[in-house]
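Analysis of the macromolecular model
Next come the chains, spelled out residue by residue.
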Amino acid sequence: MGHRLTSPHLSDSPAVSPPDLTVCIVNWNSYDLLSKCLDSIFSTPCQSTLEIIVVDNNSNDGSAEKVEISYPQIQLIRNMDNRGFGRANNQAIPAGFGRYYLFLNPDTLVLDETFDNMVAFMDAHQDAAVATGKVYESDTRDQIRISYGDRYPSLNVLLLNDLVTLTGLSRLFPNNRLIQRCVWTGYNPEQEQIVAQVTGAFMCVRRQAIEEVGVFDEQFFMYMEETDWCYRFYQAGWRVYYTPASAIVHIGEGSSSLRTDREQLYYQSICAYLYKHHGAISLVAYRVCYYGFVKPMQLLRRGMASLLKTN
């Protein structure tokens, strides 16, 4: 039942089979969470062969040094600057030799037989470039965070999503199918399904598909890089799946929570995605709507939340 960790350097030899999974984790100042993630990996029942690569984006909390000491069996890539999510993962991809790459956030915990189930799923679905699984809010497993979407973002999709979420309509009417269809996340998390895009916090990708389509687009520092990747796989004829057979916990307190510019980074990534896939007109229209409606609504919601706290 134990893990069979392989040396990535041995996998160059034709006499040695490549590992089933290359687990890639990008870390920035999140060692406490990263260590829990790694411990969950090593304690998960697994018959699949694994290699684990941690890319540290110049953490100042001693992450890299602690990983070297506590997890010598892990391949560590140390950066001299913070290269973001996609660019750092692009360093891990050529360093790994797995048949599949499993991209995990450091603030995640791997559950049950997730690795074996994901490998079995990808083996059984040869048309799958990407798959994700259940993502729980906590280890109590009583709240599922939707980890996938059934459509790709466009100007209309983004604005409808902003409308129903910022006005609170999606929470006021959780059972209204019309309103919920405006939200660009998916639904039916107990059902295996073909989806449009998945979360980068838990994303299994086929090596063959990467070799065909390419790696993450490095213009996205953080946010939307996985959505862009899924769309490129779709354009190349591959499919993206969700399977409830594999599961993790996503604590949601990782590197991104340490940044004060998350909202601006998200806006910039949305703009980059729209321009890349829908052109300049969609980009300009979104910017007008963002500053004319989305940003004011965000400020209004924050103001109201502050008033409620003070009262």
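Only a predicted model underlies this, so the values are computations on that prediction, with no experimental measurement involved. (Residues numbered from 1 in each chain as written. Predicted model: local features only at pLDDT ≥ 70, side-chain atom pairs only at ≥ 80, totals over all residues. Heavy atoms only, no water.)

1. Observations regarding the overall build of the protein
Within the protein one finds 10 helices and 12 strands. Projected onto the principal axes, the alpha-carbon positions of the protein cover approximately 60 × 45 × 40 Å. The buried share of the protein, taken over its 311 residues, is 53%. Residue pairs in contact within the protein that sit at least 24 positions apart in sequence constitute 78% of those at least 6 positions apart. Working note: accessible area of the protein is about 14,600 Å², and carbon and sulfur atoms make up 54% of it. Charge centroids of the protein, computed over 26 positive and 33 negative side chains, lie 7 Å from each other. (Helix = DSSP H or I, 4+ residues; strand = E, 2+ residues; numbered from the N terminus. Buried < 20%, exposed > 50% of the residue type's maximum accessible area, 1.4 Å probe, protein only. Contact = heavy atoms within 4.5 Å. Areas by Shrake-Rupley, 256 points an atom, 1.4 Å probe, with all protein chains shown as cover. Lys, Arg positive; Asp, Glu negative; His and termini not counted. Charge placed at Lys NZ, Arg CZ, Asp CG, Glu CD.)

2. With respect to the environment of I146
As for its position among the elements, I146 is in the loop between β7 (128-136) and β8 (148-149). Residues within four places of I146 in sequence aside, it is in contact with T185, G186 and P189.

3. Quick notes on the nonpolar core
Counting residues in hydrophobic clusters, the biggest one holds 50 residues, and the most contacted among them are F103, V130, W229, F233 and Y286. When neighbours within four sequence positions are excluded, W229 is seen to be in contact with I93, F103, M203, V205, I210, G214, V215 and F216. In this structure, L21, I74, M122 and Y241 belong to the second largest nonpolar core, which totals 31 residues. (Core = buried A, V, L, I, M, F, W, Y, C linked by side-chain atoms within 4.5 Å.)

4. A short note on unusual backbone geometry
The phi dihedral of N188 falls on the positive side, at around 60°, and the residue is not glycine. Mapped onto the fold, N188 is located in the loop between α7 (177-180) and β9 (193-195). One non-glycine residue, Y223, adopts positive backbone phi at about 80°. Mapped onto the elements, Y223 comes out in the loop between α8 (207-213) and α9 (225-235). Since its relative accessible area comes to 23%, Y223 is described here as partly exposed.

5. Some points on the packing of aromatic side chains
Counted according to the given criterion, the structure contains 18 aromatic pairs. When the centroid spacing of 5.7 Å and the interplanar angle of 70° are considered together, the rings of F103 and W229 count as edge-to-face. Here F103 is found in strand β5 (residues 100-104), whereas its partner W229 is found in helix α9, with 126 residues between them in sequence. Taken as a pair, F103 and W229 share a single burial class, namely buried. Relative to Y234, the ring of Y231 lies with its centre 6.1 Å away and its plane at 25°, an arrangement referred to as stacked. (Phe/Tyr/Trp six-rings, centres within 6.5 Å; stacked < 30°, edge-to-face > 60°.)

6. Examining the confidence of the model for the protein
Averaged over all residues, the pLDDT of the protein is 90; the fraction at 70 or higher stands at 93%. Across residues 6-15, confidence stays below pLDDT 50; counting only partners more than four residues off in sequence or on other chains, it has 16 contacts. (pLDDT = per-residue confidence, 0-100.)

7. What to know about the packing of α9 against helix α10 (residues 262-310)
It is the contact of α9 with α10, at a shortest axis distance of 11 Å, that shows an interaxial angle of 20°. The orientation of α9 with respect to α10, classified from their angle, is roughly parallel. The chirality of how α9 crosses α10 is left-handed. Contact with α9, carried on its side by T227, D228, Y231, R232 and Q235, involves Y273, K276 and H277 of α10 and no other residues of that element. (Axes fitted to C-alpha atoms, helices over the stretch in contact; angles between N-to-C directions. Parallel < 35°, antiparallel > 145°, perpendicular 65-115°, else oblique. Left-handed = near helix turned anticlockwise from the far one by under 90°.)

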